[in-house]
Amino acid sequence: MSAEIVQLVEQAGPYLSTAVSAYGVAVFSRAESAAVDATANVGRRILQTVWRRRDEQGQAELEAAVQDAAEAPDDADAAAAVRQQVKRTLREDAELLAELARILPAPGETVHVSASGERSIAAKTITTAVTGDNTTIRP
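Note that this is a predicted model, so its numbers are computed, not measured. (Residues numbered from 1 in each chain as written. Predicted model: local features only at pLDDT ≥ 70, side-chain atom pairs only at ≥ 80, totals over all residues. Heavy atoms only, no water.)

**Student:** Explain the overall build of the chain to me, please; I cannot follow it from the model alone.
**Tutor:** Helices and strands together make up the secondary structure of the chain, namely 5 helices and 0 strands. Along the chain direction, N to C, the helices and strands of the chain fall in the order α-α-α-α-α. Only carbon and sulfur atoms are counted for the fraction: they give 46% of the accessible area of the chain, which is about 8,900 Å². (Helix = DSSP H or I, 4+ residues; strand = E, 2+ residues; numbered from the N terminus. Areas by Shrake-Rupley, 256 points an atom, 1.4 Å probe, with all protein chains shown as cover.)

**Student:** Can you help me understand the layout of surface pockets in this one?
**Tutor:** Where empty space is left becomes clear once a probe the size of a water molecule has been rolled over the atoms. Each pocket or cavity is described by its volume, and for the second largest pocket that value is around 150 Å³. Taken together, 14 residues form the lining of the second largest pocket, with Ser-17, Val-20, Ala-69, Pro-73 and Ala-79 sitting closest to its centre. Mapped onto the lining of the second largest pocket, the elements with two or more residues apiece are α1 (3-23) and α4 (76-92). With 5 residues, α1 is the single largest residue contributor to the lining of the second largest pocket. Looking at side-chain class alone, the lining of the second largest pocket contains 8 nonpolar, 3 polar and 3 charged residues. (1 Å grid on protein atoms, 1.4 Å probe; cavity = no way out; pocket = protein on both sides within 12 Å on 5 of 7 lines; lining within 4 Å. Points joined across faces, edges and corners; volume = space filled by probe spheres on them. Nonpolar A, V, L, I, M, F, W, Y, C, P; charged D, E, K, R; others polar.)

**Student:** Is there a simple way to explain the confidence of the model for the chain in this structure?
**Tutor:** Where the model shows low pLDDT, its predicted coordinates should not be examined in detail. For the chain, the average pLDDT comes to 80, and 71% of its residues sit at 70 or higher. The secondary structure element of the chain with the lowest average pLDDT is α1, at 87, and the one with the highest is helix α3 (residues 56-71), at 93. (pLDDT = per-residue confidence, 0-100.)

In structure tokens, the structure reads:
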């Protein structure tokens, strides 16, 4: 197996695990969610990209691996099965490696965001932020 594939899957591992935890098997049909952190959304994009490149049987195998991992979030073997499915697809589709590399943040890219003060919000990117000001709770 190519060292590039191993490296990419190792880098993608935390994103995949977070996406599976956040979305479960809905990861294949859900759009990006502002309520889910950026890590989960990167993992969702990776899994959707891999899923679209597979045939019907491959899609079913990937879905089963994601389902198992979602049902047992602390099971390292279940998470490894998801990564193995990604590796299998990468070995079969040379163009996919470059596509997934574009989805992942650059290695070593670190973003530091800080907030200070009452009701401050810190984010690299943000669509909607609710601080609690002027909110109403309705029965």
